[in-house]
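Examining the three-dimensional arrangement
Here is what each chain is made of, one letter per residue.
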Amino acid sequence: MTAASSPWVETLTELNILDLLDAIGLSRLRGTPLRHLLRPAARRFARTAHEFDTRVGDHGLAQGSAWLMDRMTAGLVTSGLEHVPTQGPVVILANHPGMTDTVALFTSLASRPDLRVIAADRPFLRALPNVARQLIFLPDDEDGGRMAVVRAAARHLHEGGALLTFPAGEIEPDPATFGAQRATASLRNWSGSYALFARLAPATRFVPALVSHVISPDAQRHPLTRLRRTAHDKEKLAAALQVALPRYRGLVARVSFGHPASAGADEAQALGAAITARMRQLIDAEVPDDRTGYSRPDPDVRSA
């Protein structure tokens, strides 16, 4: 069976169509001929996503992600990789601007092939079976399901593994596109639940990571975004356009890692304050030079 005829491609195509309709604000028309107009774009991305998943199965998460980054961006630069331990338990705490932020992190963290990721349980991720094996799915319920996630993550850390999580639990502003002020304000929404791992796996190091330059300012200004009323809906539509239209993929993504922190069982508050302070330092390095949203590169940034 070819990749193009895979049932996973069909599943991903249908999910993409629903996402596009939602981004446009036309979910109510999902049963109309409009879905046929969106199908070619949805299928193109479905084929790319399926190939990505196949490469993850064949070559691992980092190499598969590097392949996808080559197709969805103009490159990737990283800084601060020396702050990421190459062995032993570590939790990477990252912002979540969306688009290629997760694959940028996967590519950057090639030194940790044991990486597992706490991720929201979404049908699109379930339709990427090789990627899904690297994930610890976070259910929507607040009770037993989430405690099972904590136990699975703690067990992985006890075994000396690496864990990636997004404490905001939702999409955040890209500091290079929306500015340092909005990005810094989003830190107030970060959950401090990651401090549980300091108690459950005391040897764990905690490393802050900032992803930026993944949201296209040009896509945010596309005339179609005027169809949506709220800022949230405009940004969602712009993200869909960035996926669908190759001209918005000329960004060089950046991932910056900060100094690691650690904490004892009774130091959860201090750990949260340390991580917040270090994230603010990383964000300050991305303060835009002007209103276009692009920032001046640091001289010590290295290509991934």
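Everything numeric here is computed off the predicted structure, so don't read it as measured data. (Residues numbered from 1 in each chain as written. Predicted model: local features only at pLDDT ≥ 70, side-chain atom pairs only at ≥ 80, totals over all residues. Heavy atoms only, no water.)

1. Considering the packing of helix α3 (residues 61-72) against helix α4 (residues 101-108)
To keep it simple, the criterion reads: Note on geometry: axes are C-alpha line fits, over the in-contact stretch for helices, and angles between N-to-C directions span 0 to 180 degrees. Runs of H or I in DSSP of at least four residues are treated as helices and runs of E of at least two as strands, each being numbered from the N terminus. Our angle categories are set so that under 35 degrees counts as roughly parallel, over 145 as roughly antiparallel, 65 to 115 as roughly perpendicular, and the remainder as oblique. When the near helix sits turned anticlockwise from the far one by under a right angle, the crossing is termed left-handed; a clockwise turn instead gives a right-handed crossing. Pairs of residues are marked as contacts when any of their non-hydrogen atoms sit within 4.5 Å. Under the convention adopted here, Pro, Cys and the residues Ala, Val, Leu, Ile, Met, Phe, Trp and Tyr are nonpolar, Asp, Glu, Lys and Arg are charged, and Gly plus all remaining residues are polar.
At a closest axis distance of 8 Å, the pairing of α3 and α4 adopts a crossing angle of 130 degrees. By the criterion of interaxial angle, the relationship of α3 to α4 is oblique. Seen along the crossing, α3 lies across α4 with a hand that is left-handed. Two secondary-structure elements touch here, α3 through L61, A62, S65, A66, L68 and M69 and α4 through V103, A104, F106 and T107. By residue class, the composition of the contact of α3 with α4 is eight nonpolar, two polar and no charged.

2. Concerning helix α13 (residues 268-284)
Our working definition: In this scheme, a helix's expected span is set at 1.5 Å multiplied by one less than its residue total. Using a 1.4 Å probe on the protein chains alone, a residue whose accessible area is under 20% of its type maximum counts as buried, one over 50% counts as exposed, and one in between counts as partly exposed. What the arc describes is the spread of directions from the helix axis to the C-beta atoms.
Spanning 17 residues, α13 covers 25 Å between terminal C-alpha atoms, matching the ideal 24 Å at 1.5 Å per step. Residues of α13 that are buried: L271, G272, I275, M279, L282 and I283. Considered in projection along α13, the buried side chains sweep an arc of 105 degrees and stay on one side of the axis. Facing away from the buried side of α13 by over 90 degrees, the exposed positions are Q269, A270 and Q281. In this structure, the buried side of α13 is in contact with β2 (90-94), α8 (175-178), α9 (180-186), α10 (196-200), β6 (205-212) and β7 (252-257).

3. Observations regarding the nonpolar core
So the rule is basically this: Definition used in this section: a nonpolar core is a set of buried Ala, Val, Leu, Ile, Met, Phe, Trp, Tyr and Cys residues joined via side-chain atoms within 4.5 Å.
Counting 42 residues, the largest nonpolar core has I92, L105, L115, L164 and F257 as the members making the most contacts within it. A per-element tally of this core places α3 first, with five residues. If sequence neighbours within four positions are ignored, L115 has contacts with L61, F106, L109, Q134, A162, L163 and L164. Formed by 28 residues, the second largest nonpolar core is a distinct cluster that contains L93, A153, L157 and L271.

4. Brief notes about unusual backbone geometry
The backbone of M99 shows a phi angle near 55 degrees, a positive value even though the residue is not glycine. Topologically, M99 is positioned in the loop between β2 and α4. Here the phi dihedral of H213 falls at roughly 60 degrees; this positive angle occurs in a residue that is not glycine. In this fold, H213 is placed in the loop between β6 and α11 (217-220). Relative accessible area serves as the criterion here: at 10%, H213 is assigned to the buried category.

5. A few points about the confidence of the model for the protein
Our working definition: Values of pLDDT, the confidence the predictor places in each residue, fall between 0 and 100.
Chain-level statistics for the protein give a pLDDT mean of 89 and a share of 90% at 70 or above. Taken as a whole, residues 290-304 scores under 50 in pLDDT and shows 35 contacts with residues more than four places along the chain or in a different chain.

6. Some words on the pattern of salt bridges
Where charged atoms of side chains with opposite charge meet at close range, the side chains can pair. Under the convention used in this document: By convention in these notes, a salt bridge is any Lys or Arg side-chain nitrogen within 4 Å of a carboxyl oxygen on Asp or Glu.
Throughout the structure, instances matching the rule amount to eleven salt bridges. The closest approach of N and O atoms between R182 and E235, which form a salt bridge, is 3.4 Å. With a gap of 53 residues between them, R182 in helix α9 and E235 in helix α12 (residues 231-244) connect regions that are remote in the sequence. E235 gets classed as partly exposed once you look at its relative accessible area, which sits at 22%. Via salt bridges that share partners, E10, E14, R35, R39 and R43 belong to a single interconnected network.

7. So, the packing of helix α1 (residues 7-24) against helix α2 (residues 34-59)
For the pair α1 and α2, interaxial distance at closest approach is 7 Å and the crossing angle is 125 degrees. With respect to α2, the element α1 is oriented oblique. Between α1 and α2 the crossing geometry is right-handed. Contacts from W8, V9, E10, L12, T13, E14, N16, I17, L20, L21 and I24 of α1 reach α2 at L34, R35, L38, R39, A42, R43, F45, A46, R47, A49 and H50.

8. Describing the environment of A168
Its place among the elements puts A168 in the loop between β5 (162-165) and α8. Distance in space between the C-alpha atoms of A168 and E10 is 31 Å, their sequence separation being 158 residues.

9. Digging into the environment of R28
Where we set the bar: For the purposes of these results, a polar contact is taken to be a pair of N or O atoms within 3.5 Å, where, inside protein, one atom must be able to donate a hydrogen and its partner to accept one; residues adjacent in sequence count only when each atom of the pair is a side-chain atom.
With respect to the helices and strands, R28 occurs in the loop between α1 and α2. Note: C-alpha distance between R28 and I92 (64 residues apart in sequence) is 39 Å. A distance of 3.2 Å separates a polar side-chain atom of R28 from the backbone oxygen of G25.

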